[in-house]
Every structure is written in C-alpha cells, then in structure tokens.
Amino acid sequence: MQTLMKTLMATALLGAAAGAQAQNADSGWYIGAGVGASNYSDNIPKQIRNAYAGNSVYTFTDARTSDDSDTAAQIFVGYKFNAWIALEIGYQDLGEAKTHYDLAPINSPQGKPPSVNGRYRANDVNAAIVGTLPLNEQFELLARAGADIPAAVRVLRLCAGR
C-alpha cells in the first residue's frame, strides 16, 4: 500500500508539473501533489498514561514512542475562478507513529503483565479557499484558509508478556 501511494503521488506530481508548463490560464482546473516528512509529538506516552488513569483492570507502568516520524503525502484538485480566487479539495496522509507500553494487572498478581505495541496513523480530507496575488509570470503570493475532516486511527496489538 505504501509503494502504491508513493507511485500515485509521484505520477500526480509529474502530471501537475507538466500541466503547469502547458497551462497559463487565469481560470480552470488544476491538480497538485506533495511529499514530505511527518514527526509526531512525543506526548503519545502521556496520552496513553491519561487513558489508563482510573482503569479498574490495569495500571499503567511505562510507555515510549518507538518511531515518531514517517513520510507524509498529499494530493489535491482545485478550480481557479480567476487570477485571485480558487477552491481546493484534497487528501493528506501524515504517516504513522509507533509506541510500546506496559501495563500491570490490578487484582491479578499472577501471570505476565501485558505489553502493548501501538500504531497511530493520521490522515484527512480537506477543503480550502485559496487567494493568490500574482507577482509576475512565474511567482505569486498564496493564502489558504479551510477545514479538514481528520481520520486519526489507532491500531493496537496486545502482546501478552512481550
């Protein structure tokens, strides 16, 4: 899936670059893509600790982020109404972070305490209004305002005793 996403992003980026050279209109459709890096903040262990506060089955003992950076990618399509105003919709994949944390059972001292590996992904669909101020034929100032629908997903795997 990651390879497919990277291939699609590269293809879209090349298509957008070719289209940008061929099109110098004040209005019309355009596409774009971007690739970069994401770095999740290191407060995920604190969030895990807070999630287990008051839990009647397990008590939190330790957590750490084992991988907090990944590749981020975006793709978008827009319509430019004139030289100054456009609307865009897009999709962003901000990659994933990995954590490891340990728990201790509260009322069951026998047996190994569970150890949990977590994977956290973040992506969103967004819409924006884009304002541009052309400076010359090659450069323009850009301002963007919009909203997104985040779809942060947390996937956990319970690894008892590991």
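For the structure itself, consult the block above.
The paragraphs below set out a description of the structure included in this document. (Residues numbered from 1 in each chain as written. Predicted model: local features only at pLDDT ≥ 70, side-chain atom pairs only at ≥ 80, totals over all residues. Heavy atoms only, no water.)

On to the overall build of the protein chain, then. Within the protein chain one finds two helices and seven strands. Its helices and strands in sequence order give the protein chain the pattern α-β-α-β-β-β-β-β-β, from N to C terminus. Each of the 162 residues in the protein chain was classed as buried or not, and the buried ones make up 28%. Total accessible area on the protein chain stands at roughly 10,700 Å², and carbon and sulfur atoms take up 59% of it. (Helix = DSSP H or I, 4+ residues; strand = E, 2+ residues; numbered from the N terminus. Buried < 20%, exposed > 50% of the residue type's maximum accessible area, 1.4 Å probe, protein only. Areas by Shrake-Rupley, 256 points an atom, 1.4 Å probe, with all protein chains shown as cover.)

This part covers the nonpolar core. In globular proteins that are soluble, nonpolar side chains generally tend to be buried together. One finds Tyr-40, Ile-44, Ile-48, Tyr-52, Phe-60, Ala-63, Ala-97, Tyr-101, Leu-103, Val-116, Tyr-120 and Ala-122 forming the largest nonpolar core, which totals 12 residues. The contacts of Tyr-52, once residues within four sequence positions are left out, are Tyr-58, Phe-60, Tyr-101 and Leu-103. (Core = buried A, V, L, I, M, F, W, Y, C linked by side-chain atoms within 4.5 Å. Contact = heavy atoms within 4.5 Å.)

Now for the pattern of salt bridges. Two side chains carrying opposite charge are able to pair once their charged atoms lie near each other. Under the defined criterion, the tally for this structure stands at seven salt bridges. With a shortest N-O distance of 3.4 Å, Arg-121 and Glu-96 are connected by a salt bridge. Of the two residues, Arg-121 sits in strand S5 (residues 114–134) while Glu-96 sits in strand S4 (residues 85–105), which places them 25 residues apart along the sequence. Since its relative accessible area comes to 12%, Glu-96 is described here as buried. Overlapping salt bridges, with partners in common, bring together Asp-93, Glu-96, Lys-98, Arg-119 and Arg-121 in one network. (Salt bridge = Lys/Arg side-chain N within 4 Å of Asp/Glu carboxyl O.)

A separate point is the environment of Tyr-30. With respect to the secondary-structure elements, Tyr-30 resides in strand S1 (residues 28–39). Separated by 58 residues in the primary sequence, Tyr-30 and Glu-88 place their C-alpha atoms 9.1 Å from one another. Beyond its immediate chain neighbours, meaning those up to four positions away, Tyr-30 contacts Phe-76, Val-77, Gly-78, Tyr-79, Lys-80, Ala-86, Leu-87, Glu-88 and Val-130. Of the polar contacts made by the side chain of Tyr-30, one reaches the side chain of Glu-88; its length is 2.8 Å. (Polar contact = N/O pair within 3.5 Å; in protein donor to acceptor, adjacent residues only side chain to side chain.)

Let's shift gears to the side chain of Glu-96. A distance of 3.4 Å separates polar atoms of two side chains, one belonging to Glu-96 and the other to Arg-121. Setting aside its immediate chain neighbours within four residues, Glu-96 contacts Tyr-40, Asp-67, Ser-69, Asp-70, Arg-119, Tyr-120 and Arg-121.

Tallied over the full model, the rule gives four aromatic pairs. Note on Tyr-30 and Phe-76: the rings are 6.5 Å apart at their centroids and 75 degrees apart in plane angle, and the pair reads as edge-to-face. Taken together, the residues Tyr-30 in strand S1 and Phe-76 in strand S3 (residues 69–80) connect sequence positions 46 residues apart. Under the relative-accessibility criterion, Phe-76 is labelled buried at 18%. One aromatic cluster is present, built from ring pairs that chain together Trp-29, Tyr-79 and Phe-81. (Phe/Tyr/Trp six-rings, centres within 6.5 Å; stacked < 30°, edge-to-face > 60°.)

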